[in-house]
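One-letter residues, chain by chain:
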Amino acid sequence: MLVVQKYGGTSVGDLERIENVANRVAKAREEGKDLVVVVSAMSGETNKLIGYAEHFTKNPAKKEMDMLLSSGERVTAALLSIALQAKGYDAVAMTGRQAGIVTDDLHTYARIEKIDPTAMQNAIKEGKIVIVAGFQGINKDGSVTTLGRGGSDLSAVALAGALNADQCEIYSDVDGIYTTDPRIEPKAKKLDVISYDEMLELSSLGAKVLQNRSVELAKKLKVKLYAKSSFSDNEGTLITEESENMEEVLVSGVVLDKNQARVTLRGVSDRPGIAAEIFSKLADENINVDMIIQNVGTDGATNLGFTVPQSEIDNAKKVMEEFDHDIEGMDYDENVCKVSVVGVGMKSHSGVAAKAFSALAANNINIQMISTSEIKVSMIIDEKYGELAIRTLHEAYELDK
Ligand code: ADP
Ligand code: ASP
Ligand code: MG
């Protein structure tokens with residue numbers, strides 16, 4: 001049986017924890033499993049490195065950032081391999097390049113294009129435990145690239161796919177996927193199983209327990225994915241294809257995304273092509289626009305609102321200045337957040353959204369923007385009510401039951 005395990009930043013946060021991971025890997029080995037182990041940088045390390053670069057400039061070259069950031073994962077991979085060797089196990093540490101991971105050129109947010117698993121397979125055949133530095137690959141010119149924040153999850157899923165592994169286990173400090181972030185709502189319940197689509201919504205809407213791109217890839221490659229804790233032997237959550245009885249559950253989870261900023265454009269010239277111009281320009285600047293709201297225009301003008309990640313708000317302001325002549329007024333609000341309700345059961349049940357609106361209204365929480373899809377309802381509200389809204393929605397859908 002071939003298993004890909006991934007240990008996140010908290011799980012390898014200090015030497016004692018790396019030792020703990022080594023013991024867990026050794027145990028799986030004793031059970032007869034072939035293992036490829038992907039590791040993150042020690043917790044806080046990636047942020048520390050970003051801070052170092054920002055000491056010199058707010059806008060460091062992305063290629064150099066990849067050189068810098070990829071080092072965090074290499075340290076952990078080497079240390080885990082050394083720890084295993086010290087226990088008498090045959091292990092080998094590999095960088096993304098050595099593991100055969102080739103990406104495109106989009107530095108700091110690269111996409112995996114192909115994986116040549118030969119080196120890993122040869123090492124496994126020789127009886128070695130393969131340790132791979134997560135979050136990284138190389139582009140066709142041989143420069144190191146990284147896969148976006150939380151990208152070690154993606155490394156693990158991609159390797160599991162390329163190696164045709166029996167399963168992929170993502171270890172963090174929570175023992176599975178909960179109905180909401182247990183740090184916000186201690187009454188949150190662990191789910192035994194969740195569909196790829198629901199998990200993808202939860203991750204994309206802000207639940208950082210799994211990186212959204214990793215879930216997307218797991219769905220595409222049909223990787224059997226588990227979320228587990230490196231601090232316990234609890235069962236964990238299986239992320240898998242949707243089954244019929246999943247639809248009986250109306251709502252599987254609620255999620256908070258604090259990384260949101262709202263842009264409102266007043267008196268936008270109501271002419272064909274204006275939305276295309278605005279959003280193409282934002283796309284050209286790689287600004288990820290999330291919710292968009294436009295009203296029916298009156299007197300040749302309309303109002304247009306949208307949200308972007310908080311880190312992009314200054315860039316968005318710069319882009320909007322170019323549209324000065326087309327827009328009467330603009331305002332920006334960084335103190336907003338997005339709360340979302342997710343569940344495949346919404347496909348076949350009505351009234352789910354109304355329940356969310358009523359629950360927030362009962363707490364006097366004003367909804368500024370709404371967007372829905374087949375399996376989710378998202379609402380933009382004042383940031384200071386974010387956690388209250390999550391607890392309110394959790395209770396409204398009886399997720400603690
Ligand atoms: P790692 O550093 O191992 O990659 P992360 O910090 O990225 O781990 O993810 C684990 C964290 O995700 C947990 O500590 C938890 O607070 C948070 N989290 C957010 N939403 C959920 C959820 N629905 N279920 C479980 N954990 C969640
Ligand atoms: N170390 C990287 C980050 O902090 C990647 C990861 O941990 O998955 O984002
Ligand atoms: Mg993570």
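Structure report, in brief. None of the values given here were measured: they were computed from a predicted structure. (Residues numbered from 1 in each chain as written. Chains lettered and ligands numbered in written order. Predicted model: local features only at pLDDT ≥ 70, side-chain atom pairs only at ≥ 80, totals over all residues. Heavy atoms only, no water.)

Notes on the overall build of the protein chain
Looking only at helices and strands, the protein chain features 11 helices and 18 strands. Taking 21 Å as the expected radius of gyration for a compact globule of 401 residues, we find that the protein chain reaches 23 Å, a close match to that expectation. Its C-alpha atoms give the protein chain principal-axis dimensions of roughly 75 × 50 × 35 Å. Residues counted as buried form 52% of the 401 residues belonging to the protein chain. A fraction of 74% describes how many contacts in the protein chain between residues 6 or more apart in sequence connect residues 24 or more apart. Accessible surface for the protein chain amounts to roughly 18800 Å². Of this, 46% is attributable to carbon and sulfur atoms. Taken together, the 44 basic and 61 acidic charged side chains of the protein chain have centroids lying 4 Å from each other. (Helix = DSSP H or I, 4+ residues; strand = E, 2+ residues; numbered from the N terminus. Rg over C-alpha atoms; globule rule 2.2 N^0.38 Å. Buried < 20%, exposed > 50% of the residue type's maximum accessible area, 1.4 Å probe, protein only. Contact = heavy atoms within 4.5 Å. Areas by Shrake-Rupley, 256 points an atom, 1.4 Å probe, with all protein chains shown as cover. Lys, Arg positive; Asp, Glu negative; His and termini not counted. Charge placed at Lys NZ, Arg CZ, Asp CG, Glu CD.)

Re the site of ligand 2
In the vicinity of ligand 2, the residues found are Ser 40, Thr 46, Glu 73, Phe 135, Arg 149, Gly 150, Gly 151 and Ser 152. For ligand 2, an oxygen atom lies 2.9 Å from a polar atom in the backbone of Gly 150. Note that an oxygen atom of ligand 2 is positioned 3.3 Å from one of the backbone N or O atoms of Gly 151. If ligand 2 stood free it would expose 260 Å²; the protein chains cover 86% of that surface. (Near = heavy atom within 4 Å. Polar contact = N/O pair within 3.5 Å; in protein donor to acceptor, adjacent residues only side chain to side chain.)

What to know about the packing of aromatic side chains
Here the distance between the centres and the angle between the planes together describe a pair of aromatic rings. For the structure shown, the criterion picks out two aromatic pairs. Taken together, a centroid distance of 5.3 Å and an interplanar angle of 75° make the contact between Phe 279 and Phe 306 edge-to-face. Separated by 27 residues along the polypeptide, Phe 279 in helix α8 (residues 274-284) and Phe 306 in strand β15 (residues 301-308) bring together distant segments of the chain. Both residues of the pair, Phe 279 and Phe 306, count as buried. The ring of Tyr 226 is capped by Lys 228, whose NZ or CZ atom sits 5.5 Å from the centre of that ring. (Phe/Tyr/Trp six-rings, centres within 6.5 Å; stacked < 30°, edge-to-face > 60°. Lys NZ or Arg CZ within 6 Å of the ring centre and 35° of its normal.)

Considering the nonpolar core
Counting residues in each nonpolar core, the largest one holds 43 residues, and the members touching the most others are Val 4, Val 36, Met 120, Leu 159, Cys 168, Ile 177 and Ile 239. Sorting elements by how many residues they give to this core places helix α5 (residues 152-162) first, with six residues. In this view, Ile 239 contacts Ile 177, Ile 194, Ser 195, Tyr 196, Met 199, Leu 210, Val 223, Leu 225, Tyr 226 and Ala 227; residues no more than four positions away in its chain are not counted. (Core = buried A, V, L, I, M, F, W, Y, C linked by side-chain atoms within 4.5 Å.)

Remarks on the site of ligand 1
Near ligand 1, the surroundings consist of 18 residues, among which Gly 8, Asp 173, Tyr 178, Asp 181 and Arg 183 are the closest. Within the backbone of Gly 9, a nitrogen or oxygen atom sits 3.4 Å from an oxygen atom of ligand 1. Residue Asp 181 places a side-chain N or O atom 2.8 Å away from an oxygen atom belonging to ligand 1. Out of a free accessible area of 570 Å², ligand 1 has 89% covered by protein chains.

Brief notes about the packing of helix α2 (residues 45-54) against helix α3 (residues 62-86)
Running from amino to carboxyl end, α2 crosses α3 at an angle of 150°, the nearest separation of the two axes being 9 Å. By the angle class used here, α2 and α3 are roughly antiparallel. For the element pair α2 and α3, the recorded crossing hand is right-handed. Residues Glu 45, Thr 46, Leu 49, Ile 50 and Ala 53 of α2 touch α3, and the partners they reach there are Met 65, Leu 68, Leu 69, Ser 71, Gly 72 and Glu 73. Each residue belonging to the contact of α2 with α3 can be placed in one class, and the counts come to six nonpolar, three polar and two charged. (Axes fitted to C-alpha atoms, helices over the stretch in contact; angles between N-to-C directions. Parallel < 35°, antiparallel > 145°, perpendicular 65-115°, else oblique. Left-handed = near helix turned anticlockwise from the far one by under 90°. Nonpolar A, V, L, I, M, F, W, Y, C, P; charged D, E, K, R; others polar.)

Concerning helix α10 (residues 352-362)
Side chains that are three or four residues apart share a direction in an α-helix, a result of its 3.6 residues per turn. Those residues of α10 not exposed but buried are Val 352, Ala 356, Ala 359 and Leu 360. Buried residues of α10, seen end-on, are gathered within an arc of 95° and therefore sit on one face of the element. In α10, the exposed residues that point more than 90 degrees away from the buried face are Ala 361 and Ala 362. On its buried face, α10 sits against β16 (327-342), β18 (376-382) and α11 (386-396). Immediately beyond the C-terminal end of α10, within one or two residues, lies Asn 364, with a positive phi of roughly 60°. (Arc of directions from axis to C-beta.)

Comments concerning the sheet that holds strand β10 (residues 193-195)
The strand order across the open sheet built from eight strands is β3-β6-β2-β1-β9-β11-β12-β10, with neighbouring strands paired in mixed fashion. The two strands at the open ends of the sheet, each matched to only one other strand, are β3 (91-94) and β10. For this sheet, the mean inter-axis angle between neighbouring strands, taken without regard to orientation, is 20°. Bridge analysis of strand β9 (residues 167-172) against strand β11 (residues 225-229) gives five bridges, and the strand direction is parallel. Across the sheet, Tyr 171 pairs through a bridge with Lys 228, a residue of β11. (Pairing = 2+ DSSP bridges.)

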